[in-house]
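Examination of the molecular architecture
In case you want the letters, here they are:
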Amino acid sequence: MSFVTTKQMLAAADEGAYAVGAFNVENMEMVMAVIAAAEEMNAPAILQTTPSTVKYAGLPLYYANVKAAAKRAKVPVALHLDHGNSFSLAMQALRIGYTSIMIDGSHESFEENIALTRRVVDACSASDIPVEAELGKVGGKEDDLDCNDPGYTEPDDAVKFVEETGISSLAVAIGTAHGIYKGEPKLDIERLSEIRKRVSIPLVLHGASGVPDEAVRECIRRGISKVNFATELRIAYSNGIKKFLTDNPDAFDPKKYGAVGMEYVTEVVKNKIEVCGSAGKA
Ligand code: 13P
């Protein structure tokens, strides 16, 4: 099917009151596993890579992998740069062919975040590539970004940020965190509703691993159109491989244990697609 941008996907989700799952992938097996799940559920899929993932194998390898997988997929697939941490990385991803870019200036001052984001939006707009940015700080650790000092998104700031940057979607900080939660996350869903009332572009929820399904559904009801899942996929992939190698200590064929890692990831992704309400929306 098609290799598309996230623009149409998120507009349709916003309109249809569901969310598109955005899944972090680290290697070819995870790419295949996510797409297999999306095909089984007939759902659109966003595959995304963080800067540390990009450092592991390089943008061209992830691009070629996802592009080839998208070509033979029965559902629309987008490739998104997650937490782009510099103008330069965002431009490299744009040039290589990523179909969606996030620039994360949330650790800068409000003005610097606006200025950096605006530059990326200007550069991407000529190719009609949508840009996601973050306001407020999602807590926890994603990549080298270790945020011990999370900050909620202020609705007034969100209005100004969206107007001044021209972004296509906004990642909001409402109490989720990247990585594993120690207790149950406490989400400020009233804040989400307030932002939704005042900002019309699609909103993005980061740090969804470990957030109870019902809480994710409530965020979608209140206006989230893209939900990011990373840690639970990494755990599933590793658990599948560990299980196979524990049961088969003499195994040495990467295809054998890779297949089990993929099965585990596919199961998790199918469940997340169901939670997002995007099944049947391809
Ligand atoms: P989790 O690792 O908590 O799922 O967060 C994913 C994420 O938000 C990637 O940007």
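Residues numbered from 1 in each chain as written. Predicted model: local features only at pLDDT ≥ 70, side-chain atom pairs only at ≥ 80, totals over all residues. Heavy atoms only, no water.

**Topic: the site of the ligand**
Near the ligand, the surroundings consist of 15 residues, among which Asp82, Gly207, Ser209, Ala230 and Thr231 are the closest. Within the contact set of the ligand, an oxygen atom lies 2.5 Å away from a side-chain nitrogen or oxygen of Thr231. When isolated, the ligand has an accessible area of 310 Å², and the protein chains bury 100% of it. The set of elements that each furnish at least two residues to the shell around the ligand consists of strand 3 (77-84), strand 9 (177-178) and strand 11 (224-229). Looking at the shell around the ligand residue by residue, the classes come out as four nonpolar, nine polar and two charged. (Near = heavy atom within 4 Å. Polar contact = N/O pair within 3.5 Å; in protein donor to acceptor, adjacent residues only side chain to side chain. Areas by Shrake-Rupley, 256 points an atom, 1.4 Å probe, with all protein chains shown as cover. Helix = DSSP H or I, 4+ residues; strand = E, 2+ residues; numbered from the N terminus. Nonpolar A, V, L, I, M, F, W, Y, C, P; charged D, E, K, R; others polar.)

**A short note on the nonpolar core**
The biggest cluster of nonpolar side chains holds 78 residues, and the ones touching the most others in it are Leu47, Tyr98, Ile101, Ile167, Leu170, Val227 and Leu233. In terms of residue count, helix 2 (residues 28-41) provides more of this core than any other element does, eight residues in total. If we ignore the near neighbours within four places in the chain, the residues touching Leu47 are Phe23, Val25, Val31, Val34, Ile35, Val66, Val77, Ala78, Leu79 and His80. Counting eight residues, the second-largest nonpolar core is a separate cluster that includes Met9, Leu10, Val20 and Ala78. (Core = buried A, V, L, I, M, F, W, Y, C linked by side-chain atoms within 4.5 Å. Buried < 20%, exposed > 50% of the residue type's maximum accessible area, 1.4 Å probe, protein only. Contact = heavy atoms within 4.5 Å.)

**So, the pattern of salt bridges**
All chains considered together, the criterion is met by 21 salt bridges. We note a salt bridge from Asp14 to Arg196, for which the minimum N-O separation is 3.4 Å. Of this pair, Asp14 sits in helix 1 (residues 6-16) while Arg196 sits in helix 8 (residues 189-198); the two residues are 182 residues apart in sequence, bridging distant segments of the chain. When the shortest N-O distance is used, the salt bridge between Arg222 and Glu218 registers 2.7 Å. Salt bridges linked by common partners bring Glu190, Glu214, Arg217, Glu218, Arg221, Arg222 and Glu274 together as one network. (Salt bridge = Lys/Arg side-chain N within 4 Å of Asp/Glu carboxyl O.)

**Details of the pairing of strand 8 (residues 169-172)**
Where burial is concerned, the two faces of strand 8 agree: the one with Ser169 and Ala171 and the one with Leu170 and Val172 are both buried. Two elements, strand 5 (residues 131-135) and strand 8, share four bridges in a ladder whose sense is parallel. Each bridged residue has a counterpart across the sheet, and for Ala133 the counterpart in strand 8 is Leu170. Relative to strand 10 (residues 203-205), strand 8 is paired through three bridges, and the arrangement is parallel. Paired with Ala171 across the two strands is Val204, which belongs to strand 10. (Pairing = 2+ DSSP bridges.)

**With respect to unusual backbone geometry**
Of note, Ala17 is a non-glycine position whose phi angle comes to about 60°, a positive value. Tracing the sequence through the fold places Ala17 in the loop between helix 1 and strand 1 (20-24). For Asp128, which is not glycine, the phi dihedral falls at a positive 60°. Tracing the backbone through its elements, the reader meets Asp128 in the loop between helix 6 (110-125) and strand 5. Among the residues examined, Asp128 registers a relative accessible area of 47% and is labelled partly exposed.

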